[in-house]
Amino acid sequence: MDCIFCKIIKGEIPSKKVYEDELVYAFNDINPMAPVHVLIIPKQHISSVNEVTPENSAVISRIYEVAAKLASELGIAESGYRIVSNTGADSGQTVFHLHFHLLGGTKLRFEMC
Ligand code: AMP
Ligand code: ZN
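Calculation criteria
Residues numbered from 1 in each chain as written. Chains lettered and ligands numbered in written order. Predicted model: local features only at pLDDT ≥ 70, side-chain atom pairs only at ≥ 80, totals over all residues. Heavy atoms only, no water. Helix = DSSP H or I, 4+ residues; strand = E, 2+ residues; numbered from the N terminus. Near = heavy atom within 4 Å. Polar contact = N/O pair within 3.5 Å; in protein donor to acceptor, adjacent residues only side chain to side chain. Nonpolar A, V, L, I, M, F, W, Y, C, P; charged D, E, K, R; others polar. Salt bridge = Lys/Arg side-chain N within 4 Å of Asp/Glu carboxyl O. Buried < 20%, exposed > 50% of the residue type's maximum accessible area, 1.4 Å probe, protein only. Contact = heavy atoms within 4.5 Å. Donors = N, O, S within 2.8 Å, 3.2 Å for Na, K, Ca; no water. Tetrahedral: all angles 85-135°; square planar, octahedral: opposite > 155°, others 65-115°. Phe/Tyr/Trp six-rings, centres within 6.5 Å; stacked < 30°, edge-to-face > 60°.

Engineer: Report on the environment of Pro14, specifying residues and quantitative values.
Structural biologist: By the secondary structure assignment, Pro14 is in the loop between α1 (4-10) and β1 (17-20). Taking C-alpha positions, Pro14 is 10.0 Å from Phe27, a pair spaced 13 residues apart along the chain.

Okay, structure coming up:
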C-alpha cells in the first residue's frame, strides 16, 4: 500500500519523532500551522475516522492518552490546545491514514482547522 504515514512508521520516510509505543507513533508536522503541531497516528493503517470500529478503536483512547502526555511535556497543557482529525473531502483531509493534529503554543484561530 502506498501510504506516506505507513512509510514514516516503518522509517522509510524520515520524520521528527516525538513519541512511539506499540500502538501509536507521533511526529512533528512538516508544515506546522502553530508553534506546536504534532501528528499522532495509529501504527495500524486506518484510513480515517470512517474506518474506526469496535475491533480497532482501542488505539483512539491511547492516542488521547498520548496527546495529554505530549501536551504536558510540550508545555501547552495549561495554555490550551486543539486536537483535530480531518475526515474526507469537505474537511480537506490530504493523507488517508488516520491522524490527529495536536495544535498549540499560540492563540488558535478557528480557521486554523
Ligand atoms: P490532513 O490535511 O488533515 O490530511 O493533514 C495531513 C498533514 O500531514 C498535513 O498537515 C501535512 O503537513 C502533514 N504531512 C504530510 N506529509 C508529511 C511528512 N512527510 N511529514 C510530516 N508531516 C507531513
Ligand atoms: Zn497508512
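Anyway, onward from the coordinates.
Engineer: I'd like to hear about the site of ligand 1, residue by residue, with values.
Structural biologist: Lining the immediate surroundings of ligand 1 are 16 residues, of which Asp29, Asn86, Thr94, His99 and His101 lie closest. Taking Gly92, its main chain carries an N or O atom lying 3.3 Å from an oxygen atom of ligand 1. Taking His99, its side chain carries an N or O atom lying 2.9 Å from an oxygen atom of ligand 1. Contributions of two or more residues to the shell around ligand 1 are made by α1 and β2 (24-28). At three residues, the largest contribution of residues to the shell around ligand 1 is made by α1. Looking at the shell around ligand 1 residue by residue, the class counts come to seven nonpolar, eight polar and one charged.

Engineer: Outline the pattern of salt bridges, listing residues and values.
Structural biologist: According to the stated counting rule, one finds eight salt bridges in the structure shown. A salt bridge links Asp2 to Lys7; the shortest N-O distance between them is 2.6 Å. Classification of Asp2 by relative accessible area gives exposed; the value is 69%. Given the relative accessible area of 25%, Lys7 is considered partly exposed. Two residues, Lys17 and Glu20, come together in a salt bridge whose shortest N-O distance is 2.7 Å. One continuous salt-bridge network, built from bridges that share partners, spans Asp21, Glu22, Arg62 and Glu65.

Engineer: Provide a residue-level description of the environment of Val36, including the pertinent values.
Structural biologist: Along the chain, the position of Val36 falls in strand β3 (residues 36-42). Judged by relative accessible area, Val36 falls into the buried class, the value being 12%. In this structure the C-alpha to C-alpha distance between Val36 and Leu74, which are 38 residues apart in sequence, comes to 7.7 Å. For Val36, the contacting residues outside a window of four places in its chain are Leu74, Ile76, Leu102, Leu103 and Gly104.

Engineer: Tell me about the coordination of the zinc ion (ligand 2), and name the residues and values.
Structural biologist: For the zinc ion (ligand 2), the full set of protein donor atoms is Cys3 (SG), Cys6 (SG), His45 (ND1) and His97 (ND1), and the range of their distances to it is 2.1 to 2.3 Å. Around the zinc ion (ligand 2), the four donor atoms are arranged such that angles at the metal cover 103 to 116°; this shape is classified as tetrahedral. One chain supplies every donor to the zinc ion (ligand 2), and in sequence these donors are spaced C-x2-C-x38-H-x51-H. Taken together, the residues span a long stretch of sequence, with Cys3 in the segment before α1 and His45 in the loop between β3 and α2 (58-73) at a distance of 42 residues.

Engineer: I'd love a proper account of the packing of aromatic side chains, names of residues and values included.
Structural biologist: Per the stated rule, a full pass over the model turns up three aromatic pairs. Ring centres 5.4 Å apart and planes at 80° place the aromatic pair Phe5 and Phe27 in the edge-to-face group. Residue Phe5 is found in helix α1, and its partner Phe27 is found in strand β2; the two are separated by 22 residues along the sequence. Note on accessibility: Phe5 and Phe27 belong to one class, buried. Between the aromatic rings of Tyr64 and Phe100, the centroid separation amounts to 5.8 Å while the plane-to-plane angle is 75°, which identifies the pairing as edge-to-face. One end of the pair, Tyr64, is in helix α2; the other, Phe100, is in strand β5 (residues 100-104), with 36 residues separating them in the sequence.

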